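# Notes for the structure review
Residue-level listing of the chains:
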Amino acid sequence: MTQSEVKHVKKIDRCRICGSSRLEDFFDMGNLPLPNAFLTKEDVQKPEKRFPLVVCFCHDCTFVQLRYIVEPDQMFKHYLYIPSGSQIRIQNFNEIAFTAHRRFHLQSDSLVIDIGSNDGSLLSCFQTLGVQVLGVDPAENLKVAAELKGIPTLSEYFTQELAQDIVNTYKKAALVTTTNVFAHIEHLLDSMRAIYAILDEDGVFISQFPYLLDLLRDQLFDTIYHEHMSYYSLNPLLLLAERTGFKIFDIQHVPLDGGSIRVFWKKKESHKWKIEQETIDQFRAIEEREKLYTIDTYKDFGARVQRTKEELLQLLGELKQDGKRIVGYGAPAKGTILLNYFHIDKRLLDYVVDSTVYKQGLYFPGVHLEIFPESKIYEDRPEYLLILAWNFATEIIEKNKRYQAIGKFILPSPEIATV
Ligand code: DWN
């Protein structure tokens, strides 16, 4: 690493939940660019920052986490990802809002706070249901987008100080939500205590994030990146709850982003909301059966990813040799990881298309593939589309039905497939 890279990253030697020093690395991807650090044409000529991407396992509480933490400002101050690019994600947000509104009896004077509220998409769903909303997100560019939707947003990191300010200026929340953000939080204990501070006595915290078991089963290695500091199974979550005054009272599996879980938390002292113990026990039983609580399960992860790499490179290489043109579909953060880790650049892909206006005209970090609007595939008519946003493959294939008269889609994950 260069001096300027070293300055923005730190190596952890203690588990971020239980504090144990018994951490063991099991997957090392080397130094990779930050996944959302898309480049302008001028940036492409300049040196890019790369940071280590190493995953480790805590032998005491079994928490899987990144060994190196990049300074949050490097990743979150100016954020190019917005959730509204996918109908499936918006449907998921609507479902969270609708079910929470009904299950937790939210009223017109109930306050819902979304942490990592991005462009306000989730809170818009709550607002439509007639409750009060407040967003918190450090990305300054997204505050503008959220406020255009009428979502009041504090453009700050969620800290204990901010929690106190919120309680003083607004009121306590009946519901706090985070979608995916839970993987992005460095100081978990502090953040949970801050959430505790802003919640009503019988308030509920809902967090939804990718599930470690799905990541492991389907080798979703490209969802491992600097922004995602944590990869959760149930055991460490239960410990986190216990240490911060919470009780997990329900868990649901959600078929989003390759497999996620939605976890429901309440204050330990609250007698409201039934504890779905059977469901929690079932999750634990499955995780035990799948041996999530031992390092041995993780040790061949790297080798399995290596086999996927060889298979995908062989497929793309053969297509190129046959003179076919291949274009990437979607410029997700995970695309940066897949392209860079597998060394897929101009030699294999012509360019990438993405619906996000903020990303169009920019270039992928590291591999420097240019990003165009989706319509370009109908002008150029490439023979193959590699779906980098594989978590939305169904939606992408469905909306591009007419492309099937031109060429085929390649799915890199969870299994390599051509359709
Ligand atoms: O946790 C995180 C998740 C939720 O979002 C973040 N750390 C960053 C981000 O991850 P991602 O960039 O991998 O997210 P998505 O939602 O998988 O990104 C999909 C990309 O594909 C977007 O750039 C939009 C694009 N897309 C498109 O161009 N056409 C998506 C669809 C559905 C489409 O039809």
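Along each chain, numbering runs from 1 in the same order as the chain's sequence is written. Per-residue local features of the predicted model are confined to residues with pLDDT of at least 70, and side-chain atom pairs are confined, for both listing and counting, to 80 or more; whole-chain, interface and lining totals are unaffected and use all residues. Water and hydrogen atoms play no part in the side-chain values, which are based on all heavy atoms of the structure.

### Brief notes about the site of the ligand
- Proximity is defined per residue: any heavy atom of the residue falling within 4 Å of a molecule or strand makes that residue near it. The environment of the ligand is formed by 27 residues, the closest being Glu 227, Ala 333, Lys 334, Asp 354 and Lys 399.
- Contacts to the ligand include Tyr 225, whose side-chain N or O atom sits 3.2 Å from a nitrogen atom.
- For this analysis, a polar contact is any N or O atom pair within 3.5 Å, provided that within protein one partner can donate a hydrogen and the other can accept it, and provided that sequence-adjacent residues contribute only side-chain to side-chain pairs. The contact in question runs from an oxygen atom of the ligand to an N or O atom on the side chain of Lys 334, over 2.5 Å.
- In isolation the ligand has 710 Å² of accessible area, and contact with the protein removes 97% of it.
- Secondary structure elements are taken from DSSP: a helix is a run of H or I of four residues or more, a strand is a run of E of two residues or more, and numbering for both begins at the N terminus. For the shell around the ligand, the elements supplying multiple residues, two or more each, are helix 12 (333-341) and helix 14 (393-399).
- When residues in the shell around the ligand are grouped by element, the largest group, three residues, is from helix 14. Reported accessibility uses the Shrake-Rupley method at a 1.4 Å probe radius. Residues are deemed covered only where the shown protein chains occlude them.

### Let's talk about a negative patch on the surface
- Residues forming no salt bridge and having over 30% relative accessible area are the ones grouped into patches, like charges within 9 Å of each other and nonpolar side chains (Val, Leu, Ile, Met, Phe, Trp, Tyr) within 5 Å. The term salt bridge refers to a pairing of a side-chain nitrogen on Lys or Arg with a carboxyl oxygen on Asp or Glu at a separation within 4 Å. Charge counting treats Lys and Arg as positive and Asp and Glu as negative, with His and both chain ends excluded. For this purpose, a charge sits on NZ of Lys, CZ of Arg, CG of Asp or CD of Glu. On the surface, a cluster of negative charge is contributed by Glu 156, Glu 161, Asp 165 and Asp 190.
- Of note, Asp 165 is situated in helix 6 (residues 160-169).

### Observations concerning the pairing of strand 3 (residues 50-58)
- When accessible area is computed with a 1.4 Å probe and restricted to protein chains, residues below 20% of their type maximum are described as buried, those above 50% as exposed, and intermediate ones as partly exposed. The buried fraction of strand 3 is high, at eight of nine residues.
- One requirement defines pairing of two strands: DSSP has to find at least two bridges between them. Judged from the eight bridges that link them, strand 2 (residues 23-33) and strand 3 form a sheet pairing that is antiparallel. Of the residues in strand 3, the one forming a bridge with Pro 33 is Arg 50.
- Where strand 3 lies against strand 4 (residues 64-66), three bridges are found, and the strand directions are antiparallel. Directly across from Phe 57, in strand 4, lies its bridge partner Val 64.

### Looking at the pattern of salt bridges
- Under the criterion given, the structure shown has 21 salt bridges.
- Ionic pairing is found between Asp 25 and Arg 67, a salt bridge with its closest N-O pair at 2.8 Å. Placement of Asp 25 in strand 2 and of Arg 67 in the loop between strand 4 and strand 5 (68-70) is noted, with a sequence separation of 42 residues between them.
- Asp 119 serves as the salt-bridge partner of Lys 149, at 3.1 Å between the closest nitrogen and oxygen. On the criterion of sequence distance, the pair formed by Lys 149 in the loop between helix 5 (140-148) and strand 8 (153-154) and Asp 119 in the loop between strand 6 (111-115) and helix 4 (121-128) is long-range, its members being 30 residues apart.
- By relative accessible area, Lys 149 is classed as partly exposed at 35%.
- What emerges from the salt-bridge pattern is a single network uniting Arg 217, Arg 289 and Glu 290.

### Quick notes on the packing of aromatic side chains
- Planes of paired rings set the category: under 30 degrees apart is stacked, over 60 is edge-to-face and the rest tilted, where pairs are Phe, Tyr or Trp rings (Trp by its six-membered ring) whose centres lie within 6.5 Å. Taken as a whole and judged by the stated rule, the model has 27 aromatic pairs.
- Seen from their ring centres, Phe 182 and Phe 209 are 5.3 Å apart, and the 25° between their planes marks the pair as stacked. Separated by 27 residues along the polypeptide, Phe 182 in the loop between strand 9 (173-179) and helix 7 (188-198) and Phe 209 in strand 10 (residues 199-210) bring together distant segments of the chain.
- Phe 209 gets classed as buried once you look at its relative accessible area, which sits at 0%.

### Some points on the sheet that holds strand 11 (residues 230-231)
- Here we have four strands laid out as an open sheet, ordered 2-3-4-11, and antiparallel in their pairing. Looking at the sheet topology across the chains shown, the edges are occupied by strand 2 and strand 11.

### Points about the side chain of Thr 356
- Residue placement: Thr 356 occurs in the loop between strand 15 (352-353) and strand 16 (371-372).
- When its relative accessible area of 8% is taken as the criterion, Thr 356 is described as buried.
- Throughout, a residue-residue contact means that at least one pair of heavy atoms, one from each residue, lies within 4.5 Å. In contact with Thr 356, not counting residues within four places along its chain, are Leu 80 and Ile 82.

### With respect to the environment of Arg 89
- Inspection of the secondary structure puts Arg 89 in helix 3 (residues 87-103).
- Residue classification places Arg 89 among the buried residues on the basis of a relative accessible area of 6%.
- Once residues within four sequence positions are removed from consideration, Arg 89 is found in contact with Tyr 81, Pro 83, Asn 180, Leu 256, Asp 257, Asn 391 and Phe 392.

### So, the packing of helix 3 against helix 4
- Helix axes are fitted only over the stretch in contact, all axes being lines through C-alpha atoms; the angle between N-to-C directions runs from 0 to 180 degrees. Two elements in contact, helix 3 and helix 4, have axes whose closest approach is 9 Å; the angle formed by their N-to-C orientations is 40°. As the angle between them shows, helix 3 and helix 4 are arranged oblique. The two elements helix 3 and helix 4 cross, and the hand of that crossing is right-handed. Along the contact surface, helix 3 presents Ile 90, Phe 93, Asn 94, Ile 96, Ala 97 and Ala 100, while helix 4 presents Ser 121, Leu 122, Cys 125 and Phe 126.
- Amino acid classes used here: Ala, Val, Leu, Ile, Met, Phe, Trp, Tyr, Cys and Pro are nonpolar; Asp, Glu, Lys and Arg are charged; the rest, including Gly, are polar. The class makeup of the residues in the contact of helix 3 with helix 4 is eight nonpolar, two polar and no charged. An angle below 35 degrees is treated as roughly parallel, one above 145 as roughly antiparallel, one from 65 to 115 as roughly perpendicular, and anything else as oblique. Should the near helix be turned anticlockwise from the far one by less than a right angle, the crossing is left-handed, and should it be turned clockwise, the crossing is right-handed.

### As for the sheet that holds strand 19 (residues 417-418)
- Spatially, 16-15-14-17-18-19 is the arrangement adopted by the six strands of the open sheet, whose pairing is mixed. Each edge of the open sheet carries a strand with a single partner, namely strand 16 and strand 19.
- Examined bridge by bridge, strand 18 (residues 408-411) and strand 19 share two bridges and lie antiparallel to one another. When the bridges of strand 19 are listed, Leu 411 appears paired with Ala 417.

### Considering helix 4
- In terms of burial, helix 4 is a largely internal element, six of the eight residues being buried.
- Residues of helix 4 that are buried include every one of Ser 121, Leu 122, Leu 123, Ser 124, Cys 125 and Phe 126, and no others.
- Looking at the buried residues of helix 4, the elements they touch are helix 3, strand 6, strand 7 (132-136) and strand 9.
- Phi turns positive, to about 85°, at Gly 130, one or two residues after helix 4.

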